[in-house]
Amino acid sequence: MQKLVVLTGSGISAESGIRTFRDAGGLWEQYPVMEVASIEGWEKNPQRVLQFYNERRKQAAGALPNEGHLGLASLEKWFDVRIITQNIDNLHEKAGSSHVLHLHGEINKARSSKDPSLIYEIGEKPIQWGDTCEKGSQLRPHIVWFGEAVPEMENAIRLVTAADIFVIIGTSLNVYPAAGLLHYVREGISVYLIDPADVTISAHYKAVHFKTKASDGVRELTRALIPQK
Ligand code: APR
């Protein structure tokens, strides 16, 4: 089976009612990103950061996967599909995708603020100030903040390097190192982009751009990859 590797961003969850970051009305218009999503913000005012992610966890709890997520899951009938997502929601998993790599962490997990190996499933529960890990240190969201390393990057590079087809859905490619994954695509591999906006991708990749929302774009991608479908 050919390896179909997909890099997704907040745009794929937009139709599920989860806000993106840099679109009009996006999260970073309402919240100062470095106060709520950076290691400095956590050190300065951890309660504010906990509140920000408690709000996002509540919003994500009520969200359902859309046709974009579901269409990617159904491509597993024809391809060895590997999802690399920048999203912290679990909509790819809810849609049935078997291999999902979260580059920026997961909203439904908490971890010890002292021992990063202590990770806990918390589902939709909020993390309160005073909630501690088994070693007594404050719990924090299991999220990669600005200013922190991206532990899953090596695994993501390995997946992209092995890709036979590479698809980018719903990301402005503004944030590194995630946005740099495109550079690991082997020469001559087909690249597809699904995004209603003009996302800049070097002409070198000859990307096929389905300039539409994720649900329609994944349908068009499926038709392009499996003509008889
Ligand atoms: N379908 C597909 N794409 C969409 C849709 C949609 N319905 N709606 C918006 N988009 C596109 C936008 O055009 C944009 O290109 O999704 C992209 C969203 O870009 P950003 O808001 O920058 O989100 P993202 O690229 O995921 O941000 C990356 O930045 O703040 C950090 O950690 C955060 O993981 C996040 C990272």
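Residues numbered from 1 in each chain as written. Predicted model: local features only at pLDDT ≥ 70, side-chain atom pairs only at ≥ 80, totals over all residues. Heavy atoms only, no water.

Enquirer: What is the right way to look at the domain arrangement of the chain in this model?
Expert: Interfaces are frequently sized by the accessible area removed from exposure as the parts join. As assigned here, the chain comprises domain 1 (1-17 + 65-104 + 150-229) and domain 2 (19-62 + 110-143). Distance between the C-alpha centres of domain 1 and domain 2: 25 Å. Between domain 1 and domain 2, the contact holds eleven residues from the first and ten residues from the second. Of the roughly 710 Å² buried between domain 1 and domain 2, counting both surfaces, carbon and sulfur atoms make up 59%. In terms of surface lost to domain 2, no three residues of domain 1 exceed Ser10, Gly17 and Ile88, which account for 49% of the buried area on that side. At the junction of domain 1 with domain 2, the criterion picks out zero salt bridges. Here domain 1 is connected to domain 2 by one residue pair in polar contact (both at pLDDT 80 or more). (Domains from an automatic or database assignment. Contact = heavy atoms within 4.5 Å. Buried area = accessible area lost by both parts, 1.4 Å probe. Salt bridge = Lys/Arg side-chain N within 4 Å of Asp/Glu carboxyl O. Polar contact = N/O pair within 3.5 Å; in protein donor to acceptor, adjacent residues only side chain to side chain.)

Enquirer: Would you mind showing me how to read the sheet that holds strand β6 (residues 139-143) here?
Expert: The strand order across the open sheet built from three strands is β5-β4-β6, with neighbouring strands paired in antiparallel fashion. Each end of this open sheet is capped by a strand with a single partner; those strands are β5 (119-121) and β6. The sheet shows a mean angle of 45 degrees between the axes of neighbouring strands, taken without regard to direction. Taken together, the four bridges between strand β4 (residues 105-112) and β6 define a ladder with antiparallel strand orientation. (Pairing = 2+ DSSP bridges. Helix = DSSP H or I, 4+ residues; strand = E, 2+ residues; numbered from the N terminus. Axes fitted to C-alpha atoms, helices over the stretch in contact; angles between N-to-C directions.)

Enquirer: Hey, could you run me through the site of the ligand in this one?
Expert: The local shell around the ligand holds 23 residues, among which Ser10, Arg22, Thr171, Ser172 and Asp195 are the closest. Between the ligand and Ser10 there is a distance of 2.8 Å, counted from an oxygen atom to a side-chain nitrogen or oxygen. Ala214 is positioned such that a nitrogen or oxygen atom in its backbone is 2.9 Å from a nitrogen atom of the ligand. Here the ligand has 730 Å² of accessible area as a free molecule, and 92% of this is covered by the chains. (Near = heavy atom within 4 Å. Areas by Shrake-Rupley, 256 points an atom, 1.4 Å probe, with all protein chains shown as cover.)

Enquirer: Where do I start with the pairing of strand β1 (residues 3-8) in this structure?
Expert: On any regular strand, side chains alternate: one points to one face of the sheet, the next to the other face. With respect to burial, β1 is a largely interior element, five of its six residues being buried. Inspection of the sheet shows β1 paired to strand β2 (residues 80-85) by six bridges, in the parallel sense. The residue bridging Lys3 from the neighbouring strand is Asp80, located in β2. (Buried < 20%, exposed > 50% of the residue type's maximum accessible area, 1.4 Å probe, protein only.)

Enquirer: Looking at this structure, how should I read helix α8 (residues 214-225)?
Expert: Spacing of three or four residues puts side chains on the same side of an α-helix, whose turn is 3.6 residues. For α8, with twelve residues, the first-to-last C-alpha span of 16 Å sits near the 16 Å given by 1.5 Å per residue. For α8, the full list of buried residues reads Ala214, Ser215, Gly217, Val218, Leu221, Thr222 and Leu225. Looking straight down α8, one finds that the buried residues subtend no more than 165 degrees of arc, so they occupy a single side. Turning to α8, the residues buried within the fold contact β1, α5 (67-74), β7 (165-169), β8 (190-194) and β9 (208-210). (Expected span 1.5 Å × (residues − 1). Arc of directions from axis to C-beta.)

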